[in-house]
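# Architecture at a glance
Listed here are the chains, written in short residue letters.
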Amino acid sequence: MGVSILLIALGGSVGAIGRFIVANVVKRFSSSRFPKATLLINGFGSLLLGILVGRGAEENVMFFFGIGVCGAFTTFSTLNWEVLRLLQENIKMGLFYFFASYLTGIVFGAAGYAMGMAL
């Protein structure tokens, strides 16, 4: 159990730092109020997790990448906060973001799973 916790903690630090960097790079090049960074981050995290699951990654790899990196890199709470903010500002934009986010997660997750199975 100790090794698994260490792997999750290390992966979590990598994922959190990666999220911070990607979010800031995207925000630097975009002045839009549309939360592109979270959409990109959650889509990529879904793709990576799908690859891991499709590949049948071993337990320690799942601890580090699946739970640690993907868990800290992606964010459900930020997604929901941004949906609520957008719904208050522009209901059409909020609904678009809601459906685009979940559809992106499902499609990227399925694509990653197929890629993982093919590897």
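For the structure, check the block above.
Residues take numbers from 1 onward in each chain, read along the sequence in its written order. Where totals are concerned, whole chains, interfaces and linings use all residues; where local detail is concerned, this predicted model gives features only for residues with pLDDT of at least 70, and gives and counts side-chain atom pairs only at 80 or more. By convention in this description, side-chain values take in all heavy atoms of the structure and omit both hydrogens and water.

## Brief notes about a nonpolar patch on the surface
Patch membership needs two things, relative accessible area over 30% and no salt bridge, and members are linked within 9 Å if like-charged or within 5 Å if nonpolar (Val, Leu, Ile, Met, Phe, Trp, Tyr). With residues, only the protein chains shown are counted as cover, and all accessible areas are computed by Shrake-Rupley using a 1.4 Å probe. A pairing counts as a salt bridge when a side-chain nitrogen of Lys or Arg comes within 4 Å of a carboxyl oxygen of Asp or Glu. A cluster of nonpolar side chains, contributed by Trp-81, Leu-84, Leu-87, Ile-91, Leu-95, Phe-98 and Phe-99, occupies part of the molecular surface with about 710 Å² of accessible area. Helix and strand assignments follow DSSP, with helices taken as H or I runs no shorter than four residues and strands as E runs no shorter than two, numbered in order from the N terminus. For the nonpolar patch, the secondary-structure elements that each account for two or more residues are helix 4 (76–89) and helix 5 (91–118). Per-element accounting of the nonpolar patch gives the leading share, four residues, to helix 5. By the element assignment, Phe-99 lies in helix 5.

## Notes on the packing of aromatic side chains
Any pair of Phe, Tyr and Trp rings, taking the six-membered ring for Trp, is counted once the centres come within 6.5 Å. Such a pair is stacked with planes under 30 degrees apart, edge-to-face with planes over 60 apart, and tilted for the rest. Inspection of every chain in the model, using the stated rule, returns seven aromatic pairs. Taking the centre distance of 5.9 Å and the plane angle of 45° together, the rings of Phe-34 and Phe-96 count as tilted. Highlighted residues: Phe-34 in the loop between helix 1 (2–28) and helix 2 (36–55) and Phe-96 in helix 5, separated in sequence by 62 residues. Residue exposure (1.4 Å probe, protein chains only): buried if accessible area is under 20% of the type maximum, exposed if over 50%, otherwise partly exposed. Take Phe-96: its relative accessible area is 51%, and that puts it in the exposed class. On the numbers, 4.8 Å between centres and 85° between planes, the contact of Phe-64 with Phe-65 is edge-to-face. Residue classification places Phe-65 among the partly exposed residues on the basis of a relative accessible area of 36%. Cluster of aromatic residues (ring-pair linked, three or more members): Phe-76, Phe-98, Phe-99 and Tyr-102.

## Concerning helix 2
With 20 residues, helix 2 should cover 28 Å at 1.5 Å per step; its first-to-last C-alpha distance of 28 Å lies within 8% of that length. Every buried residue of helix 2 is accounted for by Ala-37, Thr-38, Leu-39, Ile-41, Asn-42, Gly-43, Gly-45, Leu-47, Gly-50, Leu-52 and Gly-54. We call two residues in contact whenever any of their non-hydrogen atoms come within 4.5 Å of each other. In this structure, the buried side of helix 2 is in contact with helix 1, helix 3 (59–73), helix 4 and helix 5. Positive backbone phi, at 70°, marks Gly-56, one or two positions downstream of helix 2. By this rule, a helix spans an expected 1.5 Å times one less than how many residues it contains.

## Some thoughts on helix 3
When we look at burial in helix 3, the residues that qualify are Phe-63, Phe-64, Gly-66, Gly-68, Val-69, Cys-70 and Phe-73. Close packing links the buried residues of helix 3 with helix 1 and helix 2.

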